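If you want the building blocks of each chain, they are given just below.
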Amino acid sequence: MDFDAFSAGVEPGGLRNKSDIGVLICYILDSVGKPFRTEDLINIIQENGLANYFETNSAMAELIKCKNIEYTDDTQEYIQITENGKMISHQLNTTLSLSIRQKAIEATMRLVEKRKIEQENPVSIHKAEGGGYNVNFRITDGMRDLMSLTLFVPDISEANAVKRNFHKNPERMYSIILAAVIGEKEMIDEALKELNK
């Protein structure tokens, strides 16, 4: 197979052919089945060494030009597959190796789950009067708030670290705080064991 794409940042077995990169983009969007954040799609492909960043952007522009994928609105924040793109995905996805398809879908599903957790458990960071930052957490069950909490931290890097760690497992934080406020020692011990894993 002729390689016609830059390979910088591409892992062994990654895509080095422009048409294959286009097929991968269609395959991912078809598998997700709904609009997907444009930046996330590019990051999945690039950060997992599936294709070069610039070639991914170029393939995406070509797919848009050919009406195989489209932006959902003028902000270009979200992208979706068209009927033409679905045909490409269905007819050509087997030109991609099984390992590439699996790696792409696993990375996509991890990101979809991460975005769901972030959406259901929002965190906002606000500059506090007199310096420092307030980090506001909300833990929900998807329909209603289970807990709301504000935590003060001295700087923005710590605020961002708190946000990242919270989103790794909001349920664990909820369990620890709930156990502490109801004084359930066994529950506290169990929650702390989970924390130390």
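Use the structure listed above.
Cut-offs used in this document
- Residues numbered from 1 in each chain as written.
- Predicted model: local features only at pLDDT ≥ 70, side-chain atom pairs only at ≥ 80, totals over all residues.
- Heavy atoms only, no water.
- Pairing = 2+ DSSP bridges.
- Helix = DSSP H or I, 4+ residues; strand = E, 2+ residues; numbered from the N terminus.
- Contact = heavy atoms within 4.5 Å.
- Axes fitted to C-alpha atoms, helices over the stretch in contact; angles between N-to-C directions.

Visitor: Explanation requested: the sheet that holds strand S1 (residues 36–37) in the structure shown.
Guide: Backbone-to-backbone hydrogen bonds pair the strands of a sheet. The strands run either parallel or antiparallel. Pairing within the open sheet is antiparallel, and its three strands lie in the order S1-S3-S2. Sheet topology places S1 and strand S2 (69–71) at the edges, where each strand pairs with a single neighbour. Judged from the three bridges that link them, S2 and strand S3 (residues 78–81) form a sheet pairing that is antiparallel. By the bridge assignment, Glu70 is partnered in S3 with Gln80. Taken strand by strand, helix H3 (residues 53–65) contacts S2 and S3, and its axis lies near 95° from that of S2.

Visitor: Got a minute to help me understand the sheet that holds strand S6 (residues 145–153) in this structure?
Guide: One open sheet holds the three strands; their spatial order is S4-S5-S6, and the pairing between them is antiparallel. The sheet is open, and its two borders are formed by strand S4 (123–127) and S6, each paired with just one other strand. Here the average twist between neighbouring strands, direction ignored, is 15°. Across five bridges, the pairing between S4 and strand S5 (residues 133–140) is antiparallel. Bridge pairing links His126 to Asn134 in S5. Packed on one face of the sheet, helix H7 (residues 170–182) meets S5 and S6 and runs near 90° to S6.

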